[in-house]
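# Survey of secondary and tertiary structure
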Number of protein chains: 2
Amino acid sequence: MHVLIIGGGGFIGSRLASEYRQQNPAARSSLTLFDRHFPETLANDPEFDCVQGDFGDPSQIDALLDKKPDLIFHLAAVVSGEAEKNFDLGMEVNLNGSLHLLEKCRELGHRPRIVFASSCGIFGGDVRQVITEETAPKPRSSYGTQKAIVDLLMNDYSRRGFVDARCLRLPTITVRPGKPNAATSSFLSSIIREPLNGQPASYPVDPTSEFWILSPKQVVKNFLHAASLSPELIGDDRTVNLPGLTVSVQHMIDCLERVAGPAVAKRISHQPDAFLQSIVLTWPPHFDTRKADALGFTADQDVEEIIRNYIREENIQSTIA
Amino acid sequence: MHVLIIGGGGFIGSRLASEYRQQNPAARSSLTLFDRHFPETLANDPEFDCVQGDFGDPSQIDALLDKKPDLIFHLAAVVSGEAEKNFDLGMEVNLNGSLHLLEKCRELGHRPRIVFASSCGIFGGDVRQVITEETAPKPRSSYGTQKAIVDLLMNDYSRRGFVDARCLRLPTITVRPGKPNAATSSFLSSIIREPLNGQPASYPVDPTSEFWILSPKQVVKNFLHAASLSPELIGDDRTVNLPGLTVSVQHMIDCLERVAGPAVAKRISHQPDAFLQSIVLTWPPHFDTRKADALGFTADQDVEEIIRNYIREENIQSTIA
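Keep in mind that this is a model prediction, so the values were computed, not measured. (Residues numbered from 1 in each chain as written. Chains lettered and ligands numbered in written order. Predicted model: local features only at pLDDT ≥ 70, side-chain atom pairs only at ≥ 80, totals over all residues. Heavy atoms only, no water.)

### Side note on the overall build of chain A
This is how the line gets drawn: What counts as a helix is a DSSP run of H or I of at least four residues, what counts as a strand is a run of E of at least two, and both are numbered from the N terminus. For this measure, only C-alpha atoms enter the radius of gyration; the expected value for a globule follows 2.2 Å times N^0.38, where N is the number of residues. Each residue's exposure class comes from its accessible area (1.4 Å probe, protein chains only) as a fraction of the maximum for that residue type: buried when under 20%, exposed when over 50%, partly exposed otherwise. We call two residues contacting when some pair of their heavy atoms lies within 4.5 Å. The method behind every accessible area is Shrake-Rupley, applied with a 1.4 Å probe, and residues are considered shielded solely by the protein chains displayed. Asp and Glu are treated as the negative residues and Lys and Arg as the positive ones, with His and the ends of the chain left uncounted. By convention, charge coordinates are those of NZ in Lys, CZ in Arg, CG in Asp, or CD in Glu.
The helix and strand tally for chain A stands at 14 helices and 12 strands. Over its C-alpha atoms chain A spans a radius of gyration of 19 Å, differing by no more than 12% from the 20 Å that the globule rule assigns to 321 residues. With the C-alpha coordinates aligned to their principal axes, the bounding extent of chain A is approximately 55 × 45 × 40 Å. Each of the 321 residues in chain A was classed as buried or not, and the buried ones make up 59%. A sequence separation of at least 24 residues applies to 79% of the contacts in chain A between residues at least 6 apart. Roughly 12400 Å² of accessible area belongs to chain A as shown, and the carbon and sulfur atoms make up 48% of that amount. Across chain A, the centroid of the 32 positively charged side chains sits 2 Å from that of the 40 negatively charged ones.

Printed below as a string of structure tokens:
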């Protein structure tokens, strides 16, 4: 068994690699990670074969795919804010890179299983509607457009037998450790992470605004679950809207206060931002996930659990007032 | 005013050109038609500037677009049956050709209005469902996949102000004159056209199978109407499911018999075809077209009107028994 994680050096990718390795010892499967950068701990770990490179460069992807990985996790992406500001880069990586991946798999003919990180950002418009598997993607961002297109391609390439794909439409992943990134949803991690680290944080939308979220722990679990499902179980339509929690910004702040105390929660302030609003407020926060539920995908229990897991995983109890 | 019709030599494109010219004299607007082939009547008509070439060749498209047409009708396509059998050709023309068109328009920066011939073939799956503007495209063909992708691109390029697109999702167009083509829906024209010409014709599906149809006359009318609409009227979502008629094969045969007599209708037989069934039976025949209706798009009155129009337009009354 040969497994490839594209975007394996990123926050989710490296967690996925570690979790996969825990469940599948090296004797049974080789694991190659591909990314532009790797954390040192990962690069120096003999359990992983880390290959540094650029997903937008076809020749580098070809070299990886020529080894005919049986299972490919495709997590490489230019994030929403960056794809909106740099249209060419988003198209090159999110669309052309993914199309090249599919074309190369088709050429090789070994029909690999692909787990693709799609996004609930493909939906947009009326945020009061409840999104089902039958709801049309109406992206209001170039990122969402590119993800929706790759979902369609993954479906057609699967239907024709070129690959065996499953596309997980991810809620906003929170709490991400580290620094803010160019994702327009970055504040949904910052408002938990920064206050816990003694830093101020802000949110750009009205505090009653609702979002659809999932924790890093659950998304990794769902990626591995997706890889384990038979094509017959998933059916003709290879896309799945992952389960999540519908939460308002105010609810997240209230949960942080309950877990870490009012002094921590007071570090959060409201700083409206028109650009961020123009994208994140088009994401519907209400989903009917009966397909995902029936297939065994899972969400977090509540926001407090997400915050407590984050605190435990990042060993940051000591900083809480 | 400079108008370009890509696919202007085809059956719909050339009718569209003639109709456009009737409504807009040459003094007011120049009209360039681009296609692989042109009927002689069109090529020799000084009212039209006919350019022969291949939509899959970027350099040829660039030369046309460099003249900065204000209005582009994009009808070029590899049809459904051909795109299913020749995957590379479908991707090259239907996807890459359209993407190149959009990229070139973006580069030129003059924000042309584009009327794109999309297709109700982007829908698939449960044919009992009623398709609305909010229904997710679930194409069960590569043709439908490619059209659905271009719809998404047209929307994003419009949202960003690169073009001003409107995508018409066409029902099956019937009755087409001439010969059967590689469209999997070709039989829906053949069963009317061939018997009227004294020839036998067959259909590959159960006669109770229902389809969503529109006449050539109405689709041309709707193309011109789409070009006349302001962007504000259409709104953020540039796609429109065109109105049509839901008809069974048996109903079409019955209408032909009423218009042309039982001897003509008897020339039609049932010849099941698994390949054609695998595609056409995934097309839902029931649509809720309130968006199109509100915007002023129109359908035919009934099948008999479609048949009578065809007979009159093609001057074939004399052949009816």
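### Considering the relation of the copies chain B and chain A
For clarity, the cut-off: The superposition of copies rests on a least-squares fit of C-alpha positions from residues with pLDDT of 70 or more in both.
In the superposition of chain B on chain A (RMSD 0.0 Å, axial shift 0.0 Å), the rotation amounts to 180°. Overall, the copies show the geometry of a two-fold rotation axis. Minimal C-alpha distance to the rotation axis in chain B is attained by Ala-136 of chain B, lying at 1.7 Å. Taken as a fraction of all interface residues of chain B, those also at the interface in chain A reach 100%, which identifies the copy contact as same-surface.

### Things to note about the domain arrangement of chain A
Residues and elements named next belong to chain A. Here is the rule we go by: For the purposes of this description, domain bounds are those given by an automatic or database domain assignment. Accessible area that two parts lose when put together, evaluated with a 1.4 Å probe and summed over both, is termed the buried area. Salt-bridge detection follows one rule: a side-chain nitrogen of Lys or Arg within 4 Å of a carboxyl oxygen of Asp or Glu. N or O atoms within 3.5 Å of each other form a polar contact, as long as, within protein, one can give a hydrogen and the other can take it, and as long as residues adjacent in sequence are counted only when both atoms are side-chain atoms. Think of it as three bins: nonpolar holds Ala, Val, Leu, Ile, Met, Phe, Trp, Tyr, Cys and Pro, charged holds Asp, Glu, Lys and Arg, and polar takes everything else, Gly as well.
Splitting chain A by domain gives domain 1 (2-173 + 214-241) and domain 2 (187-212 + 245-285 + 301-319). The C-alpha-based centres of domain 1 and domain 2 are spaced at 26 Å. Listed as interface residues are 20 residues of domain 1 and, on the opposing side, 13 residues of domain 2. Carbon and sulfur atoms supply 63% of the area buried between domain 1 and domain 2, which totals about 1400 Å² over both sides. A salt bridge links Arg-15 to Glu-313; the shortest N-O distance between them is 3.1 Å. Applying the counting rule to domain 1 against domain 2 returns 3 residue pairs in polar contact (both at pLDDT 80 or more). Secondary structure elements with two or more residues in the side of domain 1 that touches domain 2: α4 (80-85) and β7 (172-173). If one sorts the elements of the side of domain 1 that touches domain 2 by residue count, α4 sits on top with 4 residues. Split by residue class, the side of domain 1 that touches domain 2 holds 6 nonpolar, 9 polar and 5 charged.

### Things to note about the interface of chain B and chain A
Accessible area lost on assembly of the parts is the figure often given for the size of an interface. Contacts between the two partners involve 33 residues from chain B and, on the opposite side, 33 residues from chain A. Interface of chain B and chain A: buried area, both sides summed, is about 2800 Å²; carbon and sulfur atoms make up 52% of it. At the boundary of chain B with chain A, the tally comes to 10 salt bridges. Ionic pairing is found between Glu-84 of chain A and Arg-160 of chain B, a salt bridge with its closest N-O pair at 3.9 Å. At the junction of chain B with chain A, the criterion picks out 24 residue pairs in polar contact (both at pLDDT 80 or more). Every element with two or more residues in the side of chain B that touches chain A is listed here: α4 (80-85), α5 (87-108) and α6 (142-159) of chain B. Among the elements that take part in the side of chain B that touches chain A, α6 of chain B stands out by supplying 9 residues, more than any other. For the side of chain B that touches chain A, a count of residues per class yields 14 nonpolar, 6 polar and 13 charged.

### Some thoughts on the nonpolar core
Selection criterion: In this text, buried Ala, Val, Leu, Ile, Met, Phe, Trp, Tyr and Cys residues form a nonpolar core when linked through side-chain atoms within 4.5 Å.
With 80 residues, the main nonpolar core has Leu-153 and Tyr-157 of chain A together with Leu-153 and Tyr-157 of chain B as its most contacted residues. Residues contacting Tyr-157 of chain A, with those up to four places away along its chain left out, are Leu-99, Leu-102, Glu-103, Arg-106, Phe-162 and Val-163 of chain A together with Phe-87 and Met-91 of chain B.

### Looking at the packing of helix α7 (residues 187-196) of chain A against helix α10 (residues 249-260) of chain A
All names here are of chain A. Worth spelling out the cut-off: Axis lines are fitted through C-alpha atoms, for helices just across the contact stretch, and the angle between N-to-C directions can take any value from 0 to 180 degrees. Orientation labels follow simple angle bins: below 35 degrees gives roughly parallel, above 145 gives roughly antiparallel, 65 to 115 gives roughly perpendicular, and whatever is left gives oblique. Note: crossing handedness is left-handed where the near helix turns anticlockwise from the far helix by less than a right angle, and right-handed where it turns clockwise.
Put simply, α7 and α10 touch, their axes get as near as 11 Å, and they point 20° apart. When the interaxial angle is binned, α7 and α10 end up roughly parallel. The way α7 lies across α10 gives a crossing that is right-handed. Where α7 abuts α10, its residues Phe-187, Leu-188, Ile-191, Ile-192, Pro-195 and Leu-196 lie against Val-249, Met-252, Leu-256 and Ala-260.

### Points about the packing of aromatic side chains
For the record, the criterion: Paired rings are identified among Phe, Tyr and Trp, the last through its six-membered ring, by centres lying within 6.5 Å, and are further divided according to the angle between planes into stacked (under 30 degrees), edge-to-face (over 60) and tilted (the rest). Ring-over charges, as used throughout, are those where CZ of Arg or NZ of Lys falls within 6 Å of the ring centre and within 35 degrees of the ring normal.
Summed over the entire model, instances satisfying the criterion amount to 14 aromatic pairs over all chains. Measuring from centroid to centroid gives 6.4 Å for Phe-73 of chain A and Phe-223 of chain A, while their planes differ by 85°, and the two rings are edge-to-face. Separated by 150 residues along the polypeptide, Phe-73 of chain A in strand β4 (residues 71-74) and Phe-223 of chain A in helix α8 (residues 216-228) bring together distant segments of the chain. Taking relative accessible area as the criterion, Phe-223 of chain A reaches 0% and is therefore assigned buried. Between Phe-87 of chain A and Phe-162 of chain B, the aromatic rings sit 5.3 Å apart at their centres with planes inclined by 65°, giving edge-to-face as the arrangement. With one member in each of two chains, Phe-87 of chain A in helix α5 (residues 87-108) and Phe-162 of chain B in the loop between α6 and β6 (164-170) form a pair that bridges those chains. Assessed through its relative accessible area of 4%, Phe-87 of chain A is described here as buried. Joined through ring pairs, the aromatic side chains of Phe-87 of chain A together with Tyr-157 and Phe-162 of chain B make up one cluster. In this arrangement the basic side chain of Arg-106 of chain A is found over the ring face of Phe-162 of chain A, its NZ or CZ atom lying 5.2 Å from the centre.

### Quick notes on the sheet that holds strand β7 (residues 172-173) of chain B
Going by this rule: Paired strands, as defined in this entry, are two strands with at least two bridges between them according to DSSP.
With respect to topology, 3 strands assemble into an open sheet ordered β7-β9-β11 (chain B), the strand pairing being mixed. The open sheet has two edge strands with one neighbour each: β7 and β11 (245-248) of chain B.

### Section: the pattern of salt bridges
Residue and element names in this part refer to chain B. Within the structure shown, the criterion is met by 40 salt bridges over all chains. A salt bridge links Arg-21 to Glu-47; its shortest N-O distance comes to 3.0 Å. One end of the pair, Arg-21, is in helix α1 (residues 11-23); the other, Glu-47, is in the loop between α2 (40-43) and β3 (49-52), and 26 residues separate them in sequence. A residue is classified by how much of its surface remains accessible, and Glu-47, at 36% relative accessible area, is partly exposed.

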